[in-house]
Amino acid sequence: GQQVQQSPASLVLQEGENAELQCNFSSTATRLQWFYQRPGGSLVSLLSNPSGTKHTGRLTSTTVTKERRGSLHISSSQITDSGTYLCAMEASSSFSKLVFGQGTSLSVVP
Amino acid sequence: DPKIIQKPKYLVAVTGSEKILICEQYLGHNAMYWYRQSAKKPLEFMFSYSYQKLMDNQTASSRFQPQSSKKNHLDLQITALKPDDSATYFCASSHRGHNQAPLFGEGTRLSVL
């Protein structure tokens, strides 16, 4: 079936450092979406990117659809960025069904 | 105010019992979904509904039955509960046809003893 692999599984940064999170997916995707999962469990949509590069605040998402990969760059990390970052692909064959990766657990320390 | 309301937030059930997880959205969205997140597994798609009709079902077990009494409601009935059903169940919604990510509720954390 469709799969999404995220790396690294976990990451520890010092405040102010940058992070690069990777996402690889196994089949054709119409869009790659990035979510932040709070320690309590709720999900927040960060960026939705069919291809190319998109920015919002300190976040940059890059999707290379034909190579089946994407990345999320977090610049100048802050302690409040700590949590789990989830990558999800929307398969071209199924509207709005998201296939999620396992996530990258990010800890930002002082 | 939360726009997607899931009730209850926590639920404890005994094996073999039946529970209903409630989801209501006040975003005017026309599509609603259920996802499940078990321990150490990725979030997993279960169902999608649009205009109260089932669009996609990725849940093999008939013990899981979505129920849509109104277009902004999508409840999830789970019968004959098993310990493996223990997970956090997330409801989500979106506007079908718009290029937007779905919005997720806070989840219902179910523990089956």
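Residues numbered from 1 in each chain as written. Chains lettered and ligands numbered in written order. Predicted model: local features only at pLDDT ≥ 70, side-chain atom pairs only at ≥ 80, totals over all residues. Heavy atoms only, no water.

(A) Quick peek at the overall build of chain B. Helix and strand counts for chain B stand at zero helices and 11 strands. Here the C-alpha radius of gyration of chain B, 13 Å, is about what a compact globule of 113 residues would show, namely 13 Å. Along the three orthogonal principal directions, the C-alpha set of chain B runs to about 40 × 30 × 25 Å. Taking all 113 residues of chain B together, 50% fall into the buried category. Of the contacts made within chain B by residues no fewer than 6 positions apart, 54% connect residues no fewer than 24 positions apart. A total of about 5800 Å² of accessible surface is found on chain B, and carbon and sulfur atoms cover 50% of it. Side chains of chain B carry 14 positive and 9 negative charges; the gap between the two charge centres is 1 Å. (Helix = DSSP H or I, 4+ residues; strand = E, 2+ residues; numbered from the N terminus. Rg over C-alpha atoms; globule rule 2.2 N^0.38 Å. Buried < 20%, exposed > 50% of the residue type's maximum accessible area, 1.4 Å probe, protein only. Contact = heavy atoms within 4.5 Å. Areas by Shrake-Rupley, 256 points an atom, 1.4 Å probe, with all protein chains shown as cover. Lys, Arg positive; Asp, Glu negative; His and termini not counted. Charge placed at Lys NZ, Arg CZ, Asp CG, Glu CD.)

(B) Seen up close, the sheet that holds strand S8 (residues 69-74) of chain A. Residue and element names in this part refer to chain A. Strands sit in the order S1-S3-S8-S7-S6 across an open sheet of five strands; the sheet is antiparallel. Of all strands in the sheet, those with a lone pairing partner are strand S1 (4-7) and strand S6 (52-56), marking the two edges. Pairwise comparison of adjacent strand axes, ignoring direction, gives a mean angle of 15° for this sheet. One ladder, built from six bridges, connects strand S3 (residues 19-25) with S8; its direction is antiparallel. Bridge pairing in S8 places Leu21 opposite Leu72. (Pairing = 2+ DSSP bridges. Axes fitted to C-alpha atoms, helices over the stretch in contact; angles between N-to-C directions.)

(C) Spatial organisation of the interface of chain A and chain B. Chain A puts 18 residues into the contact, and the matching count from chain B is 21 residues. At the surface where chain A touches chain B, the tally comes to three residue pairs in polar contact (both at pLDDT 80 or more). Mapped onto the side of chain A that touches chain B, the elements with two or more residues apiece are strand S4 (29-37), strand S5 (43-49) and strand S10 (98-100) of chain A. Among the elements that make up the side of chain A that touches chain B, the one with the highest residue count is S4(A) (four residues). A breakdown of the residues in the side of chain A that touches chain B according to their chemical character gives six nonpolar, 10 polar and two charged. (Polar contact = N/O pair within 3.5 Å; in protein donor to acceptor, adjacent residues only side chain to side chain. Nonpolar A, V, L, I, M, F, W, Y, C, P; charged D, E, K, R; others polar.)

(D) Geometry of the sheet that holds strand S8 (residues 75-78) of chain B. All names here are of chain B. Pairing within the open sheet is antiparallel, and its four strands lie in the order S1-S3-S8-S7. Two strands close off the open sheet at either side, each with one partner strand: strand S1 (4-7) and strand S7 (64-67). Along the sheet, successive strands turn relative to each other by an average axial angle of 15°, direction set aside. Examined bridge by bridge, strand S3 (residues 19-25) and S8 share three bridges and lie antiparallel to one another. Bridge pairing in S8 links Ile20 to Gln77.

(E) How the structure looks around the state of the cysteines. Residues and elements named next belong to chain B. Tallied over the full model, the rule gives two disulfides over all chains. Note that Cys23 is cross-linked by a disulfide to Cys91, the S-S spacing being 1.9 Å. Here the S-S torsion is close to -70°, and the disulfide linking Cys23 with Cys91 is therefore left-handed. With Cys23 in strand S3 and Cys91 in strand S9 (residues 87-94), this residue pair connects regions lying 68 residues apart in the sequence. Taken individually, Cys23 and Cys91 each receive the classification buried, so the pair is uniform in this respect. (Disulfide = S-S within 2.5 Å.)

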